[in-house]
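Below are the chains, spelled out letter by letter.
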Amino acid sequence: MCGRFVSTTTPQDLVGLLGELRWDPAEAFAPSWNVAPTDPVPAVLERVDRETGELVRQFRPLRWGLVPSWSKDPSGGARMINARSETVNEKPAFRKAFATRRCVIPADGYFEWREVPAEADRKKYKQPYFLSTGSVMLMAGLYEFWRDRTRADDDPAAWLATTTIITKDATDTAGRVHDRMPLTIAPDDVASWLAPDLTDPDELHHLLRRPGDGALRVRAVSTAVNSVRSNGPELLADAPDPLGLAD
DNA sequence: CCAGACGTTGTT
DNA sequence: GTCTGG
DNA sequence: CCAGACGTTGTT
DNA sequence: GTCTGG
């Protein structure tokens, strides 16, 4: 799956990779080495501009954990951080977003954990691993808008934009650590993936790819990343691998 | 008809 | 054990 | 995903 | 919103 990841890609990096892109300079796209569920996630998506009718590609933050538009409150979103690719076009919570509201979420890599059993001199603990391809991973996501009815129409906080990351069974090196992994979109397929008017599920499924064709680099890192309060590039430093899963 | 659900993941 | 917060 | 919190009433 | 279960 994908429940924590690293995001240091700047808007300028994305322009280099994908071409023209709009973003609000007032938004802070601060790098994070420990993006957690409910955090704002920088994402690329395409929307029709209300004013001009023009299709605009934008870079904007989305809250991680999809809240369907019909939810009574946004609290359930924290569990909707992933959507299974196998069923994403059927599940009521995701199918509409799959057809018309897709995004990509740039990531440097993501974390998975394995439990290390207790021994005589210490308790059991969770060992984090960092999985990456060596370049920017464009994770495939969906997004949704939720209207907060407790707020006035003109309140900018009346609309909550949320997102989820699509997953599939993990293969190769990634599969050694965990049985699910996030899917990605190749740079050449981004235009198709983001197009709101491309709605055929079969065509869309063909655009979903395993990062690095499943052959990811795997490294053990410090358990400091376990706490969502930790952050900084030092979280990616090498650590001993107690389970021998790294390559 | 109305009421209630609607999601993923873990573990070896 | 199970839910909430980050 | 992991860490951290979990609470109110009864008075057999 | 839309489907399922009763």
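See the structure above.
From a predicted model like this one, the values you see are computed outputs, not experimental measurements. (Residues numbered from 1 in each chain as written. Chains lettered and ligands numbered in written order. Predicted model: local features only at pLDDT ≥ 70, side-chain atom pairs only at ≥ 80, totals over all residues. Heavy atoms only, no water.)

(A) Examining the overall build of chain A more closely. What chain A contains, in helices and strands, is five helices and 13 strands. Since a compact globule built from 247 residues should have a radius of gyration of about 18 Å, the 18 Å found for chain A is in line with a globular shape. Counting only C-alpha atoms and orienting by the principal axes, one finds that chain A spans roughly 65 × 40 × 35 Å. In chain A, which comprises 247 residues, the proportion classed as buried is 47%. The long-range fraction of contacts in chain A, counting pairs at least 24 apart against all pairs at least 6 apart in sequence, stands at 70%. Side chains of chain A carry 31 positive and 36 negative charges; the gap between the two charge centres is 6 Å. (Helix = DSSP H or I, 4+ residues; strand = E, 2+ residues; numbered from the N terminus. Rg over C-alpha atoms; globule rule 2.2 N^0.38 Å. Buried < 20%, exposed > 50% of the residue type's maximum accessible area, 1.4 Å probe, protein only. Contact = heavy atoms within 4.5 Å. Lys, Arg positive; Asp, Glu negative; His and termini not counted. Charge placed at Lys NZ, Arg CZ, Asp CG, Glu CD.)

(B) Region of the structure containing the nonpolar core. By size, the foremost hydrophobic cluster in this structure holds 29 residues, and its most contacted members are Phe5, Ile105 and Tyr110. Counting only elements with at least two residues in this core, the list comes to β4 (40-48), β5 (55-64), β7 (102-107), β9 (125-132), β10 (137-147), β11 (159-169), α3 (172-177) and β13 (217-220). By residue number, the principal contributor to this core is β10, which donates four residues. Setting aside chain neighbours within four positions, we find Tyr110 in contact with Met1, Cys2, Arg4, Phe5, Tyr129, Phe130, Leu131, Met137, Ala174, Met181, Pro182 and Leu216. (Core = buried A, V, L, I, M, F, W, Y, C linked by side-chain atoms within 4.5 Å.)

(C) Spotlight on the environment of Leu55. In this structure, Leu55 sits in strand β5. For Leu55, a relative accessible area of 43% gives the class partly exposed. Ignoring anything within four residues of it in the chain, the contact list for Leu55 reads Glu46, Arg47, Val48 and Pro196.

(D) Molecular detail of the pairing of β4. Judged from the nine bridges that link them, β4 and β5 form a sheet pairing that is antiparallel. Following the sheet pairing, Val41 is matched in β5 by Leu62. Here β4 folds back onto β5, and the loop between the two strands holds six residues, one of which, Gly53, carries a positive phi near 75°. Examined bridge by bridge, β4 and β7 share two bridges and lie antiparallel to one another. Within β7, the position partnered with Val44 by the bridge is Val104. (Pairing = 2+ DSSP bridges.)

(E) Here's a closer look at the packing of aromatic side chains. This model, assessed by the stated rule, comprises six aromatic pairs. Summarising the aromatic geometry, the rings of Phe111 and Trp113 are spaced 6.2 Å apart at their centres and angled 45° between planes, so their arrangement reads as tilted. Phe111 sits in the buried class, given a relative accessible area of 1%. Every member of this aromatic cluster is reached through a ring pair, and the members are Phe111, Trp113 and Phe130. (Phe/Tyr/Trp six-rings, centres within 6.5 Å; stacked < 30°, edge-to-face > 60°.)

(F) The protein's contact with DNA strand D, seen in detail. The environment of DNA strand D is made up of Met1, Gly3, Arg4, Pro37, Ile81, Trp113, Lys126, Asn226 and Arg229. Looking at DNA strand D alone, sugar and phosphate atoms form 74% of those within 4 Å of the protein. Within the side chain of Asn226, a nitrogen or oxygen atom sits 3.4 Å from a phosphate oxygen of DNA strand D. Arg229 is positioned such that a nitrogen or oxygen atom in its side chain is 2.9 Å from a phosphate oxygen of DNA strand D. Broken down by class, the residue content of the surface near DNA strand D amounts to four nonpolar, two polar and three charged. (Near = heavy atom within 4 Å. Polar contact = N/O pair within 3.5 Å; in protein donor to acceptor, adjacent residues only side chain to side chain. Nonpolar A, V, L, I, M, F, W, Y, C, P; charged D, E, K, R; others polar.)

(G) View of helix α1 (residues 11-18). Among all positions of α1, only Pro11, Leu14 and Leu18 are buried. Mapping the buried residues of α1 onto a view down its axis gives an arc of 55°, with all of them on the same face. For α1, exposure combined with an orientation more than 90 degrees from the buried face picks out Gln12 and Gly16. Against β2 (22-23), β4, β5, β7, β10 and α4 (190-194) lie the buried residues of α1. Taken from the residues just after α1, Gly19 is the one with a positive phi, measuring 95°. (Arc of directions from axis to C-beta.)

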